[in-house]
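Listed below, chain by chain, are the residues.
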Amino acid sequence: MLSKGFEVELYTGKPTGEIVGLSDRIVRDLPGFVREPDSRNVEFTTPPVYLYDQALCDLLRPRFRLRAYLKSLGDLTLVPGSTLSLGDSQHFYRSDPQNPYHTYIEQTYGTRVVTASVHINIGLRHPEDLIRACRLVRMEAALFLALSASSPFLDGKVTGYHSTRWAIFPKTPPQVPLFTSHAHFIEWTETQLQQGTMQNVRHLWSAVRPNGDRRPYDLNRLELRICDLVTDPIALLAITALLEARLLQMLDTPDLDPLRWGDGEMLAQMADENEQLAAKSSLEAVLTHWRDRRQLTAATWIAELYEEVWPIAKAQGFSCFLAPIKKILRQGNTAQQWLAQYTAGQSIPEIMAAAVQEMAASEQEFADQLCQPVAAVRG
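Rules behind the numbers
Residues numbered from 1 in each chain as written. Predicted model: local features only at pLDDT ≥ 70, side-chain atom pairs only at ≥ 80, totals over all residues. Heavy atoms only, no water. Helix = DSSP H or I, 4+ residues; strand = E, 2+ residues; numbered from the N terminus. Rg over C-alpha atoms; globule rule 2.2 N^0.38 Å. Buried < 20%, exposed > 50% of the residue type's maximum accessible area, 1.4 Å probe, protein only. Contact = heavy atoms within 4.5 Å. Areas by Shrake-Rupley, 256 points an atom, 1.4 Å probe, with all protein chains shown as cover. Lys, Arg positive; Asp, Glu negative; His and termini not counted. Charge placed at Lys NZ, Arg CZ, Asp CG, Glu CD. Bend = angle between axes of the 7 residues up to and from the residue. Phe/Tyr/Trp six-rings, centres within 6.5 Å; stacked < 30°, edge-to-face > 60°. Lys NZ or Arg CZ within 6 Å of the ring centre and 35° of its normal. Expected span 1.5 Å × (residues − 1).

## Here we look at the overall build of the chain
Right, on to step 1. For the chain, the count of helices and strands is 13 helices and 11 strands.
Right, on to step 2. In terms of C-alpha radius of gyration, the chain reaches 20 Å, essentially the compact-globule figure of 21 Å for 379 residues.
Right, on to step 3. Across its three principal axes, the chain shows a C-alpha extent of roughly 55 × 45 × 45 Å.
Right, on to step 4. Counting across all 379 residues of the chain, residues that qualify as buried make up 56%.
Right, on to step 5. Considering only contacts within the chain whose residues lie at least 6 apart along the sequence, 73% involve residues at least 24 apart.
Right, on to step 6. Summed over its atoms, the accessible surface of the chain is roughly 15600 Å², and 51% of this surface lies on carbon and sulfur atoms.
Right, on to step 7. In the chain, which carries 37 positive and 44 negative side-chain charges, the distance between the mean positions of the two groups comes to 2 Å.

The following block contains the structure:
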């Protein structure tokens, strides 16, 4: 098995779903949280672990702590979704007014970056395996967006997208190639820094990127950045299990390299187009398969991939964590469920208030039934 860890961005706000900026106070008072440029979301990171049950509680315990802290401040809570569903996207609320990089972000991108998401990191130590993994995942990133989409609203309106976050997010630089090797990635990154298309090594905002302690030279993990925020940890671990099983399959299958099946420039363009289609319609989007150029829905492609990697997950002992993918395909992702409620006559404030309650109730259930015993067993 491969190690996995998460970077999770969350909105804070009121039980009504209205988002309130508190990250400067949270970061000051609560260890383990880091601020984003806008104060309305805050981030925590989980350590790399191999076991899924451990990853589950690592995802939940910071939320328990943050929720308790918010409660101590008054009637405050965590708000699901990946965009400012009820507003306000017209104003930027700086969390650290003295930070020059934050100034650059505000002036260059505005509130298009004020989104909540989850980045999935999978450990891969050999740099050429990692770069090949990034090529493969880049071509299939739209599938992970389709499973995770949770941002159909912005400023109290239906936007027409299932992932408004990824539709408006400023991918930087605008064109990112399929890297042919680690050396290519180093050379390309150095060129971007010289040209100013990237402000620093972190300023590569694409669907997937190689990551490590000294980018672009020392790399040790793949970072999938495309996913909207998935508040249900079981669903998030299912998406992670699909990714891990696919990467384990890749390590044993030299043929699983997109560059064996097409020109890099054409493939990169195909990946970008698939991402935009998935941002629009998620599981219903009709995508182009990188291998044989078939047109198929994201849901069909995911179902095919699921059957392909199931034996790998079973052999490695984590197929039970992969299984909930079927439930997402059957019931729809968060965006589809919210849009169905809207079509049935609920208002966006009603949908968001109910989602806030549901997230809190689900966390309480995990706290009571699962994570406390695990904590006790592991000391």
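## Quick look at helix α4 (residues 127-148)
Right, on to step 1. Where α4 bends most, the angle comes to about 55°, and this point is Glu140.
Right, on to step 2. Burial runs high along α4: 19 of the 22 residues are buried.

## A closer look at the environment of Gly5
Right, on to step 1. With respect to the helices and strands, Gly5 occurs in strand β1 (residues 4-13).
Right, on to step 2. Through-space distance from the C-alpha of Gly5 to that of Ile312 is 20 Å; in sequence the pair is 307 residues apart.
Right, on to step 3. If sequence neighbours within four positions are ignored, Gly5 has contacts with Thr46, Pro47, Pro48, His119, Ile120 and Asn121.

## Quick word on unusual backbone geometry
Right, on to step 1. Thr172 connects to Pro173 through a cis peptide bond whose omega is -15°.
Right, on to step 2. Structurally, the position occupied by Pro173 is in the loop between α5 (164-168) and α6 (182-195).
Right, on to step 3. The residue after Arg215, namely Pro216, is reached through a cis peptide bond having omega 0°.
Right, on to step 4. Following the sequence through the fold, Pro216 ends up in the loop between β8 (208-211) and β9 (221-224).
Right, on to step 5. Positive phi values are uncommon outside glycine, yet Ser282 reaches one of about 45°.
Right, on to step 6. With respect to the secondary-structure elements, Ser282 resides in the loop between α8 (264-281) and β10 (286-288).

## Focus: the pairing of strand β5 (residues 118-123)
Right, on to step 1. Taking burial as the measure, the 6 residues of β5 include 6 buried ones, the bulk of the element.
Right, on to step 2. Burial along β5 is two-sided: the residues Val118, Ile120 and Ile122 and His119, Asn121 and Gly123 are all buried.

## Re the packing of aromatic side chains
Right, on to step 1. Taken as a whole and assessed by the stated rule, the structure comprises 12 aromatic pairs.
Right, on to step 2. For the ring pair Tyr52 and Phe321, a centre distance of 5.1 Å and an interplane angle of 25° mean the geometry is stacked. Here Phe321 lies in helix α10 (residues 319-322) and Tyr52 lies in helix α2 (residues 52-73), a separation of 269 residues in the sequence.
Right, on to step 3. A ring pair is formed by Phe153 and Trp338, whose centres lie 6.0 Å apart and whose planes are at 10°; its orientation type is stacked. Here Phe153 is found in strand β6 (residues 153-154), whereas its partner Trp338 is found in helix α12 (residues 334-343), with 185 residues between them in sequence.
Right, on to step 4. Here the basic side chain of Arg165 rests over the ring of Phe169, its NZ or CZ set 5.8 Å away from the ring centre.

## Section: helix α9 (residues 298-316)
Since the α-helix turns once every 3.6 residues, residues separated by three or four places project in the same direction.
Right, on to step 1. In a regular helix each residue adds 1.5 Å, so 19 residues correspond to 27 Å; α9 covers 26 Å between its end C-alpha atoms and thus fits that length.
Right, on to step 2. At Val309, α9 is bent by approximately 40°, the largest bend along its length, and proline Pro311 sits one to four residues beyond.
Right, on to step 3. Among all positions of α9, only Ala298, Trp301, Ile302, Leu305, Tyr306, Val309 and Ala313 are buried.
Right, on to step 4. One or two steps after α9, the chain reaches Gly317, where phi turns positive at roughly 85°.

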